[in-house]
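# Notes for the structure review
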Amino acid sequence: MYCTRKITDHIHWVGGSDRRLALFENLFPIPRGVSYNSYMILDEKTALVDTVDSSITRQFLENVEHVLNGRSLDYMIINHMEPDHCANIEELVYRYPQVKIVASAKAIQMIRQFYAFDLGDRPMAVKEGDSLCLGSHTLHFVMAPMVHWPEVMMTYESSEKVLFSADAFGTFGALDGNLFNDEVNFEAEWLEDSRRYYSNIVGKYGPQVQAVLKKAAGLEIQTICPLHGPVWRSNIAWFLDKYDKWSRYEPEEQALAIFYASIYGNTENAASVLASMLSQAGIKNIKMYDVSSTHVSYLVSEAWRCSHLVFAAPTYNMNLYPPMEAAIHDLKALNLQNRTAAVIDNGTWANAAGKQMRAMLGELKNVTVLEQPLSLSSALKEDQMEQMKEMAKAIADSYSRSVREK
């Protein structure tokens, strides 16, 4: 049975949600599931904006058929060719053989890579500034390469001021009946998943996101229709500000996260002692994460949120403990910048963790590694408490400076 929602009188949501999928891209945990959004525009001509993942094909096709209500499908707009959005192109061509496929030239190339059916004369390659009139609605195409694939574009409908934003402004999480951002408590219930989605999926491409935000600033936008998560029809400036901060690698909050790895609990104990000292120094927004039991996507998200980071890890086989090495490697791969960090290392023999962590963090752009490291030999001892206090003071002083500079 169909399940659709009206965005406006002429634009309909025809997507769906998958609550069974455990890992998005077979990589990121999604305990709340994920939505796949698709949109139908009804005018003199009909246009479908993107398709959905194969996991919800039946629901999607029923939605499309219901909204079309016997009409043909004239255009299929393909903003993004990732399979969670393009899986139903071939099925729609079989059902609506007259349909024209509107996409960037790179996307059309990718259609031929993913599919073997004959495209015939269906493809219509568009470029920056091109438009397509459907009647009273006109679509304008905005190229958005590397947000986060090279073929990506966005589609702006000028009469109702709707931006179909591809994967930008999306979030993890299935839709629970409420489609619009003002139907949910987004900041309390969705922001964490939105940040985790952005930082892990799009975070590497901050300059490209900044370029698209500059284009968006020239458009009058009343509604943003992303491919995942709620549709934005209010408080849009607040969400654009989040994207602006995230894509400039500016900390979202003055906050501190302690990422620790501990084999037998001794490094964890040192991290806990430091956290207590920092709290007594007046730092309120502190979070601790065990990198061995916390999926790295959550660590990445917290690194995007927090201004200050502490990395505490032991040596393992004369190298950095593998989960911590993997976590820092991900931060480097995703281009994290503009943070302050401190390092605690531990080793019973041949201690190498601190040197390796400082070297890896030193490769991150504009990441300041404080000069008060703490090196443990198996466990924190009473005679090292003064060093711990010095580290806590250095972190607290840096934190206070950054608060004042705000």
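Residues numbered from 1 in each chain as written. Predicted model: local features only at pLDDT ≥ 70, side-chain atom pairs only at ≥ 80, totals over all residues. Heavy atoms only, no water.

## A few points about the packing of aromatic side chains
Test applied: Within 6.5 Å between ring centres, the rings of Phe, Tyr and Trp (the latter by its six-membered ring) count as paired, and their orientation is classed by plane angle as stacked under 30 degrees, edge-to-face over 60, tilted in between. Think of it this way: any DSSP run of H or I at least four residues long counts as a helix, any run of E at least two long counts as a strand, and we number them from the N terminus. By definition here, charges over rings are those cases where NZ of Lys or CZ of Arg is within 6 Å of the ring centre and within 35 degrees of the ring normal.
Tallying each qualifying case throughout the model produces 24 aromatic pairs. Summarising the aromatic geometry, the rings of Tyr249 and Trp304 are spaced 5.9 Å apart at their centres and angled 55 degrees between planes, so their arrangement reads as tilted. Linking Tyr249 in the loop between helix H8 (236-247) and strand S17 (256-260) with Trp304 in helix H10 (residues 296-305), this pair joins segments that are 55 residues apart in sequence. A connected cluster of aromatic rings, assembled from ring pairs, spans Phe169, Phe186, Trp190, Tyr198, Trp232, Trp238, Phe239, Tyr243 and Trp246. It is Arg32 that lies over the ring of Trp190; its NZ or CZ is 4.3 Å from the centre.

## Let's talk about the pairing of strand S14 (residues 153-157)
Note the cut-off: Accessible area is worked out with a 1.4 Å probe on protein chains only. A residue is then buried under 20% of its type maximum, exposed over 50%, and partly exposed in between. In short, DSSP must find at least two bridges between two strands for them to pair.
The element S14 is extensively covered by neighbouring structure, given that five of its five residues are classed as buried. The sheet contact formed by strand S13 (residues 138-143) and S14 spans five bridges and is antiparallel. Its bridge partner being in S14, Leu139 is matched across the sheet by Glu157. Taken together, S14 and the strand that follows it, strand S15 (residues 162-164), pair antiparallel across an intervening segment of four residues, in which Lys161 is found at a positive phi of about 60 degrees.

## A closer look at the packing of helix H6 (residues 191-202) against H8
Rule in force here: For helices, the fitted axis covers only the stretch in contact; all axes are lines through C-alpha atoms, and the angles between them, taken along N-to-C directions, range from 0 to 180 degrees. The cut-offs work like this: below 35 degrees is roughly parallel, past 145 is roughly antiparallel, 65 to 115 is roughly perpendicular, and the gaps in between are oblique. Note: crossing handedness is left-handed where the near helix turns anticlockwise from the far helix by less than a right angle, and right-handed where it turns clockwise. Any two residues whose heavy atoms approach within 4.5 Å are treated as being in contact. Asp, Glu, Lys and Arg are counted as charged, while Ala, Val, Leu, Ile, Met, Phe, Trp, Tyr, Cys and Pro are counted as nonpolar; the rest, among them Gly, fall into the polar class.
It is the contact of H6 with H8, at a shortest axis distance of 11 Å, that shows an interaxial angle of 40 degrees. As the angle between them shows, H6 and H8 are arranged oblique. Here H6 and H8 pass one another in a crossing that is right-handed. Along the contact surface, H6 presents Leu191, Ser194, Arg195 and Tyr198, while H8 presents Trp238, Phe239, Lys242, Tyr243, Trp246 and Ser247. Among the residues forming the contact of H6 with H8, the class breakdown is six nonpolar, two polar and two charged.

## Brief notes about the pattern of salt bridges
Applied cut-off: One speaks of a salt bridge when a side-chain nitrogen belonging to Lys or Arg is within 4 Å of a carboxyl oxygen belonging to Asp or Glu.
Taken as a whole and judged by the stated rule, the model has 21 salt bridges. Between Arg95 and Glu91 there is a salt bridge, with its nearest N and O atoms 2.8 Å apart. Of this pair, Arg95 and Glu91 both sit in helix H3 (residues 89-95), four residues apart, roughly one helical turn. Here Arg95 falls in the partly exposed class, since its relative accessible area comes to 44%.

## As for the packing of helix H7 (residues 206-217) against H8
Axis separation between H7 and H8 bottoms out at 8 Å; the angle between their running directions is 145 degrees. With respect to the hand of their crossing, H7 and H8 are arranged in left-handed fashion. Across the interface between the two elements, Gly206, Pro207, Val209, Gln210 and Leu213 from H7 touch Leu240, Tyr243, Asp244 and Ser247 from H8. Across the contact of H7 with H8, the residue classes break down as five nonpolar, three polar and one charged.

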